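# Structural features, examined
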Amino acid sequence: MKRTASARPLARRRVDRLRALRGDPALLHAFAMEVLADEANPDIVRLALDALGEHVSAADGEVLRGVYAYFDAGRGKKDPGGSARTAVLQALWHLRSSADIDLALKARSTFEPGMQSDGEMIRAAGLALLAVLDPPRAATEAVIILGSERANPMNGEPAATAARVLAATGESNALLLYVLSGAAPTAEVTAAALKGLSGLDPEVLQRVLDGLSRSEDEAVLMAVCDAVLELPPGDGPGAILRRLLDTAPRGDLYAFIASAIVASRKEAFIDVLVESLPGETSRKRLAAAREALELAPPASAVEAALKELDARLKTG
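Structure report, in brief.

What counts and how
Within each chain, residues carry numbers counting from 1 in the order of the written sequence. Predicted model: local features are reported for residues with pLDDT of at least 70 only, side-chain atom pairs are reported and counted for 80 or more only, and whole-chain, interface and lining totals are derived from all residues. To get the side-chain values, all heavy atoms of the structure are used, and hydrogens and water are removed first. Put simply, DSSP marks the helices as runs of H or I at least four residues long and the strands as runs of E at least two long, and each gets a number from the N terminus on. Contacts were defined at the residue level, with two residues in contact if any of their heavy atoms lie within 4.5 Å. We get accessible surface area from the Shrake-Rupley algorithm with a probe of 1.4 Å; when it comes to residues, only the shown protein chains can shield them. Any two rings among Phe, Tyr and Trp, with Trp reduced to its six-membered ring, count as a pair given centres within 6.5 Å; such a pair is stacked if its planes are under 30 degrees apart, edge-to-face if over 60, and tilted if neither. Burial status follows relative accessibility: with a 1.4 Å probe on protein chains alone, a residue under 20% of its type maximum counts as buried, one over 50% as exposed, and anything between as partly exposed. Criterion for a charge above a ring: Lys NZ or Arg CZ within 6 Å of the ring centre, and within 35 degrees of the ring normal. To estimate the expected span of a helix, count its residues, drop one, and scale the result by 1.5 Å. Geometry is summarised by axes, namely lines fitted to C-alpha atoms with helices restricted to the contacting stretch, and by angles between N-to-C directions that run from 0 to 180 degrees. For classification, angles of less than 35 degrees are called roughly parallel, those exceeding 145 degrees roughly antiparallel, those between 65 and 115 degrees roughly perpendicular, and all remaining angles oblique. Residues were grouped as follows: Ala, Val, Leu, Ile, Met, Phe, Trp, Tyr, Cys and Pro as nonpolar; Asp, Glu, Lys and Arg as charged; and all remaining residues, including Gly, as polar. In this scheme the crossing of two helices becomes right-handed for a clockwise turn of the near helix relative to the far one and left-handed for an anticlockwise turn of less than a right angle. In this description, the arc belongs to the directions extending from the helix axis to the C-beta atoms.

### Regarding the overall build of the protein
If you tally the helices and strands in the protein, you get 18 helices and zero strands. Across its three principal directions, the C-alpha atoms of the protein cover 70 × 45 × 35 Å. Put simply, 61% of the contacts in the protein that link residues at least 6 apart link residues at least 24 apart. Carbon and sulfur atoms provide 53% of the accessible area of the protein, an area that totals close to 15900 Å².

### Some details on the packing of aromatic side chains
Tallying each qualifying case throughout the model produces one aromatic pair. Note on Tyr-70 and Phe-71: the rings are 5.1 Å apart at their centroids and 80° apart in plane angle, and the pair reads as edge-to-face. Phe-71 sits in the buried class, given a relative accessible area of 0%. A cation over a ring is seen here: Arg-17 above Phe-31, with NZ or CZ 5.3 Å from the ring centre. Directly above the ring of Phe-111 sits Arg-123, whose terminal nitrogen or CZ lies 3.9 Å from the centroid.

### Notes on helix α18 (residues 300-315)
The terminal C-alpha atoms of α18, which comprises 16 residues, lie 23 Å apart, in line with the 22 Å expected from a rise of 1.5 Å per residue. Check the buried side of α18 and you find it contacts α16 (267-276) and α17 (283-293).

### A word on the packing of helix α5 (residues 83-95) against helix α7 (residues 120-133)
It is the contact of α5 with α7, at a shortest axis distance of 9 Å, that shows an interaxial angle of 10°. If you check the angle between α5 and α7, you find them roughly parallel. Contact with α5, carried on its side by Arg-85, Thr-86, Leu-89, Leu-92 and Trp-93, involves Met-121, Ile-122, Ala-125, Gly-126, Ala-128, Leu-129 and Val-132 of α7 and no other residues of that element. Grouping the constituent residues of the contact of α5 with α7 by class yields nine nonpolar, two polar and one charged.

### As for unusual backbone geometry
The omega torsion of the bond from Glu-157 to Pro-158 falls at 5°, within 30 degrees of zero and hence cis. Mapping Pro-158 onto the fold places it in the loop between α8 (135-148) and α9 (159-168). If you check the backbone angles, Arg-96 has positive phi at about 50° while not being a glycine. One can find Arg-96 in the loop between α5 and α6 (101-108).

### Re the packing of helix α2 (residues 25-38) against helix α3 (residues 42-52)
At their nearest, the axes of α2 and α3 sit 9 Å apart, and the two run at 150° to each other. Judged by the inter-axis angle, α2 sits roughly antiparallel to α3. Regarding α2 and α3, the two cross each other, and that crossing is left-handed. Taken together, the residues of α3 that come into contact with α2 (itself represented by Leu-28, His-29, Ala-32, Met-33, Val-35 and Leu-36) are Ile-44, Val-45, Ala-48, Leu-49, Ala-51 and Leu-52. For the contact of α2 with α3, a count of residues per class yields 11 nonpolar, one polar and no charged.

### Notes on helix α1 (residues 8-20)
Taking 1.5 Å per residue as the helical rise, α1 with its 13 residues ought to reach 18 Å, and the 18 Å between its terminal C-alpha atoms agrees with that figure. Residues Ala-11, Arg-14, Val-15 and Leu-18 constitute the buried set of α1. Along the axis of α1, the buried positions cluster into a sector of 95°, meaning they face one direction only. Seen from the open side of α1, the exposed residues pointing more than 90 degrees away from its buried face are Pro-9, Arg-12, Arg-13 and Ala-20. Against the buried residues of α1 lie α2 and α3.

This is the structure:
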């Protein structure tokens with residue numbers, strides 16, 4: 001079937017119908033596939049793929065692969081930035097068909113230099129698809145990405161996806177080496193790598209987090225906070241949290257850390273926040289701590305801290 005970009009009236013009708021059918025999954029799926037069968041407008045194609053969501057069946061595979069082939073043949077001209085092809089790969093992820101291994105490998109190696117990207121989202125989606133089809137090969141490709149490819153400074157891709165793939169395939173030691181090398185190009189990649197270390201011995205992970213907690217990058221510190229809160233409570237994790245609270249360079253970061261501590265629902269970690277308050281002098285931080293503690297589980301220490309904070313904020 002010939003693929004053409006819908007003229008404006010038809011394009012508007014297609015967009016409106018995709019939105020109108022959201023309450024009827026069966027009709028929405030049927031219409032989305034009808035659109036995908038002949039549409040060449042990448043914006044409308046993305047809307048149709050979004051409409052499919054996770055509801056992709058084996059019968060849809062041929063059409064989806066046809067969509068990818070059409071846009072890929074344009075070498076980026078038909079799909080600048082690769083968002084339509086990325087969405088196709090994400091839809092094919094739900095099929096988990098071995099027939100897509102070659103497509104996943106091709107996507108993983110797609111480079112298309114542009115104004116703000118070089119096809120990194122296509123490579124990331126290709127790697128994610130490969131990870132559910134051939135995990136060992138995906139792990140190898142992930143290591144190659146982390147070791148030799150430049151990540152987009154805006155989104156950290158494809159390195160962030162590579163870190164997640166290594167985590168999903170159980171390659172904790174490879175991720176540990178990557179984190180310790182300091183090679184992560186962005187805080188987003190560091191965060192993805194840290195999440196993949198959750199299976200390590202807590203004492204080993206604690207040492208890694210202790211070193212990273214001295215970073216000056218706020219996004220890294222946020223990732224460290226999230227990782228510490230996954231550890232069993234103890235003196236070591238508590239000391240890292242206290243350092244994060246004491247050295248947070250901006251009030252917004254302090255508010256994030258305080259809120260994350262309370263959201264963990266771990267009494268020992270909440271106690272760290274409460275015990276840090278007597279030495280805190282910043283009204284902005286005290287107000288952030290009070291706002292966070294209002295959501296803490298009931299406890300005498302928390303109630304006392306809230307009363308003390310109210311008094312200090314009223315008279316400060």
